[in-house]
Amino acid sequence: MSPTAADLVRENEELRQQLREAEELLTAMRTGAIDVLSVPGADGPRLFTLESADLGYRTLVEQMSEGAVLLAADGVVLYCNAALTTALGCPSTDILGHAFTDFIPARYQAYWAELWQRGWATQARGELPLQNCQDGALRPFLVSMNVLPFGGEPTLAVLLADMSARQEISSIRSVVAKQNALLDRKNEELVRQQAARRTVEQAAAEVSRVLEGIPQIAWTADLKGQSTFFNRRWLDYMGERSFSNATIKSRVHPDDFGPALHKWQHSLRTFEPFEVECRFRNQAGDYRWMLGRALPSRNEQGEVVQWIGTYTDIHAHKLAQERVAQAQRLLRDNNDELTRVNVDLDSFIYTASHDLKGPITNIEGLLQALADELPIEARQRPPVNDILAMLTKSVERFQRTIGQLSDVAKLQREHGLAAVQVPLAPVVQGVALDLAPLVRAAGAQLDLALDDQVAVHFLEKNLRSVAYNLLSNALKYRDPGRPAQVSLRAYPEGQYVRLTVQDNGLGIDAAGQRRLFGLFERLHDHVEGSGIGLFMVKKMVENAGGRISVASEPGVGSTFTVLLPK
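No experiment lies behind these values; they were computed from the predicted model shown.

A word on the overall build of the protein
And then number 1: Along the protein, the regular secondary structure elements total 17 helices and 19 strands.
And then number 2: Put simply, of all contacts in the protein between residues at least 6 apart along the chain, 53% involve residues at least 24 apart.
And then number 3: Accessible surface, the protein as shown: approximately 34000 Å² in total, 55% of it carbon and sulfur.

In structure tokens form, the structure reads like this:
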């Protein structure tokens with residue numbers, strides 16, 4: 001049935017009314033009379049209006065530092081605040097109307113799906129990273145979810161708190177807690193000081209007598225820093241009773257006045273204890289160091305009413321400090337000089353030993369050439385054969401001494417090499433095997449008492465040299481009148497291992513013991529030697545942080561004690 005003219009007129013009027021309402025809605029949206037969200041969708045834009053009562057909440061949400069987002073039932077973003085757009089690094093137009101899962105990394109999609117289901121069922125919380133639109137970086141968020149009506153439809157409201165910011169807050173809270181603890185301790189000290197000050201105020205009549213009776217210069221000042229009292233010690237020291245600020249300034253050394261005034265003004269502002277070291281000129285015109293200290297005095301209400309302080313003469317103490325500092329500088333200079341001398345000495349020993357090898361080798365060759373030129377009868381005839389033998393032995397001793405000098409220089413250069421844990425027993429047992437021919441030739445008895453678990457912090461080759469020198473010396477310098485007996489003991493003692501080598505040999509007198517560890521010191525001439533072995537032993541032990549000593553009695557024997565670091 002075709003519509004009548006009246007139906008068309010009525011339908012036309014209804015369309016006009018709808019058009020007027022749409023125009024009024026658009027006008028209200030443009031002027032801000034109502035708040036509307038336009039969210040793109042598959043079927044065109046979707047409009048959501050906020051009631052007037054909700055506008056304040058939206059303003060609050062926009063100003064929040066946490067991110068906020070409203071999600072439709074299909075996961076599309078209906079609304080997001082400025083904090084979230086900043087965190088994601090993209091404008092709201094790239095977020096609204098898009099699936100929220102676009103900003104969730106792929107490996108967290110399953111976890112988000114679980115949170116999504118729980119959020120629609122009840123309130124849910126979790127932690128989730130979101131991906132930045134610009135650089136793809138991930139930022140951790142604490143997620144809180146709840147269902148809220150929006151535009152007449154249920155939506156999922158999600159709050160996202162930046163966890164990185166919370167970590168910074170946690171760090172700040174830790175610092176604040178430590179600072180508060182420190183302040184609490186200071187406050188406790190201030191409370192005790194206040195109690196002491198109240199006691200002083202209750203005995204105000206006694207304060208002046210006490211201040212006059214102390215040996216230091218005592219003084220008081222008001223809250224502006226103006227001096228109000230100086231005891232008689234001020235008069236004795238300065239020679240005048242005036243204690244105005246101008247007088248005090250004229251008495252303080254010009255180099256000290258500025259820093260002292262700065263500290264005093266700081267204490268006046270903060271009521272912190274005042275302490276300064278400065279020089280005052282006495283009535284004789286001499287500057288002497290003074291230690292100035294002052295504390296604020298409070299009344300029963302805890303209000304600061306004045307400052308009470310003292311000046312103590314510390315001139316002798318300062319001079320002593322300067323002398324100590326000068327002595328320390330001199331000691332450092334001497335140490336530097338000794339270090340340079342040692343370096344030069346090491347260089348000289350190394351150079352000398354190296355340069356002497358050539359000439360002595362030439363002498364040895366010339367001596368051999370001379371012997372070859374002489375007839376056999378002439379070489380075997382005295383005194384030619386004796387002279388040739390003495391020359392040969394002299395060359396050998398010279399070569400041996402040069403070699404030992406090289407060893408000394410090498411030992412100095414090795415100082416500072418990293419030591420290792422070395423078991424003591426295998427090293428000593430190896431030395432004993434090397435000395436077995438000498439033990440048999442001397443008819444000696446060698447007794448070793450070592451624990452297989454004992455180890456020292458030492459260079460292994462140096463440890464072998466120490467054991468070899470001590471044991472071989474005990475055998476070489478034996479008493480010919482009785483069988484040689486040599487014992488070696490080692491056991492832990494605190495941070496060290498005590499190693500002792502005891503013999504019943506010739507022994508050493510007191511004078512010899514003082515010279516025993518010196519370079520080229522020899523106490524017995526009947527045995528071949530250069531007097532360098534014990535010097536090197538002492539160097540090796542001390543370079544490793546140990547000590548060596550000897551106890552000996554002529555005709556009885558000697559005991560060498562070595563403390564080696566564990």
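What about the packing of aromatic side chains?
And then number 1: Inspection of the entire model under this criterion finds 11 aromatic pairs.
And then number 2: With centroids separated by 6.0 Å and ring planes inclined at 50 degrees, the aromatic side chains of tryptophan 112 and tryptophan 116 adopt a geometry described as tilted. Of this pair, tryptophan 112 and tryptophan 116 are both found in helix α4 (residues 109–121), 4 residues apart, which corresponds to roughly one turn of the helix.
And then number 3: Exposure remark for tryptophan 112: the relative accessible area of 4% places this residue in the buried category.
And then number 4: Taking relative accessible area as the criterion, tryptophan 116 reaches 14% and is therefore assigned buried.
And then number 5: Where tryptophan 264 meets tryptophan 307, the ring centres are 5.4 Å apart and the plane angle is 70 degrees; that geometry is what we call edge-to-face.

Describing the sheet that holds strand β12 (residues 304–313)
And then number 1: Pairing is antiparallel in the open sheet, where 5 strands are placed in the order β9-β8-β12-β11-β10. The open sheet is flanked by β9 (227–230) and β10 (274–281), the only strands paired with a single partner. Going from strand to strand, the sheet's axes swing by 25 degrees on average, the running direction of each strand aside.
And then number 2: Relative to β9, strand β8 (residues 217–221) runs antiparallel, the two being bridged by 3 bridges. Looking at the pairing, threonine 220 lines up with phenylalanine 229 of β9.
And then number 3: Here helix α9 (residues 254–270) sits on the sheet and contacts β8, β10, β11 (287–298) and β12; the angle it forms with β10, its principal contact strand, is near 150 degrees.

Details of the environment of valine 454
And then number 1: Among the secondary structure elements, valine 454 is positioned in the loop between β14 (445–449) and β15 (455–458).
And then number 2: For the pair valine 454 and leucine 424, spaced 30 residues apart in sequence, the C-alpha to C-alpha distance is 6.0 Å.
And then number 3: Contacts of valine 454, omitting those with residues within four sequence positions, involve Val422, Pro423, Leu424, Pro492 and Val497.

Brief notes about helix α15 (residues 460–476)
And then number 1: Along its 17 residues, α15 runs 24 Å from first to last C-alpha, staying within 8% of the 24 Å computed at 1.5 Å per residue.
And then number 2: For α15, the full list of buried residues reads Asn462, Leu463, Val466, Ala467, Asn469, Leu470, Leu471, Ser472, Asn473, Ala474 and Leu475.

Quick notes on the nonpolar core
And then number 1: In terms of nonpolar packing, the biggest core is built from 41 residues, with Leu424, Leu463, Leu470 and Val501 touching the most fellow members.
And then number 2: Setting aside residues no more than four positions away along its own chain, valine 501 makes contact with Leu470, Leu471, Ala474, Val486, Ser487, Leu488, Ser558, Thr559 and Phe560.
And then number 3: If you look at the next biggest cluster of nonpolar residues, it comprises 24 residues, including Val69, Ala124, Leu128 and Leu130.

Overview of α4
Residues that lie three or four places apart on an α-helix share one face, since the helix turns once every 3.6 residues.
And then number 1: With 13 residues, α4 extends 19 Å from end C-alpha to end C-alpha; this agrees with the ideal 18 Å at 1.5 Å per step.
And then number 2: Among the residues of α4, Trp112, Leu115, Trp116 and Gly119 are the ones counted as buried. Down the axis of α4, the smallest arc covering the buried residues is 110 degrees, so these residues share one side. Facing away from the buried side of α4 by over 90 degrees, the exposed positions are Ala110, Gln117 and Ala121.
And then number 3: In the core, the buried residues of α4 are packed alongside β3 (67–71), β5 (124–131), β6 (138–150) and β7 (153–162).

Some words on the confidence of the model for the protein
And then number 1: On average, residues of the protein score 79 in pLDDT, and 77% of them are at 70 or above.
And then number 2: Long-range and interchain partners of residues 28–36, a stretch whose pLDDT sits below 50, account for 13 contacts in this model, where long-range means more than four residues apart.
And then number 3: The low-confidence segment residues 38–42, where pLDDT is below 50, has 13 contacts with residues more than four positions distant or belonging to other chains.

Structural notes on the packing of helix α13 (residues 424–434) against α15
And then number 1: Relative to each other, α13 and α15 sit at 50 degrees, their axes nearing to 9 Å. Viewed along their axes, α13 and α15 adopt a mutual orientation that is oblique. At the point where α13 passes α15, the crossing takes the right-handed sense. Of α15, the residues touching α13 (which contributes Leu424, Val427, Val428, Val431 and Asp434) are Glu460, Leu463, Arg464, Ala467, Tyr468 and Leu471.
And then number 2: Grouping the constituent residues of the contact of α13 with α15 by class yields 8 nonpolar, no polar and 3 charged.

Quick notes on the sheet that holds strand β4 (residues 77–80)
And then number 1: Strand order in the open sheet formed by 5 strands is β4-β3-β7-β6-β5, with antiparallel pairing between adjacent strands. The sheet terminates laterally at β4 and β5, the two strands that pair on one side only. Going from strand to strand, the sheet's axes swing by 30 degrees on average, the running direction of each strand aside.
And then number 2: As judged from the 3 bridges shared by β3 and β4, these two strands associate in the antiparallel manner. By the bridge assignment, leucine 70 is partnered in β4 with tyrosine 79.
And then number 3: Together, β3, β5, β6 and β7 form the strand contacts of α4, whose direction differs from that of β5 by roughly 140 degrees.

Notes on the side chain of aspartate 503
And then number 1: Relative to the elements of secondary structure, aspartate 503 occurs in strand β17 (residues 496–503).
And then number 2: Among buried Asp, Glu, Lys and Arg side chains, aspartate 503 stands out as unpaired, with arginine 482 the closest opposite charge at 6.9 Å.
And then number 3: In this structure, aspartate 503 is in contact with Ala474, Gln485, Val486, Val556, Gly557 and Ser558, ignoring residues within four places of it in sequence.

The rules behind the values
Residues numbered from 1 in each chain as written. Predicted model: local features only at pLDDT ≥ 70, side-chain atom pairs only at ≥ 80, totals over all residues. Heavy atoms only, no water. Helix = DSSP H or I, 4+ residues; strand = E, 2+ residues; numbered from the N terminus. Contact = heavy atoms within 4.5 Å. Areas by Shrake-Rupley, 256 points an atom, 1.4 Å probe, with all protein chains shown as cover. Phe/Tyr/Trp six-rings, centres within 6.5 Å; stacked < 30°, edge-to-face > 60°. Buried < 20%, exposed > 50% of the residue type's maximum accessible area, 1.4 Å probe, protein only. Pairing = 2+ DSSP bridges. Axes fitted to C-alpha atoms, helices over the stretch in contact; angles between N-to-C directions. Expected span 1.5 Å × (residues − 1). Core = buried A, V, L, I, M, F, W, Y, C linked by side-chain atoms within 4.5 Å. Arc of directions from axis to C-beta. pLDDT = per-residue confidence, 0-100. Parallel < 35°, antiparallel > 145°, perpendicular 65-115°, else oblique. Left-handed = near helix turned anticlockwise from the far one by under 90°. Nonpolar A, V, L, I, M, F, W, Y, C, P; charged D, E, K, R; others polar. Lys, Arg positive; Asp, Glu negative; His and termini not counted. Salt bridge = Lys/Arg side-chain N within 4 Å of Asp/Glu carboxyl O.

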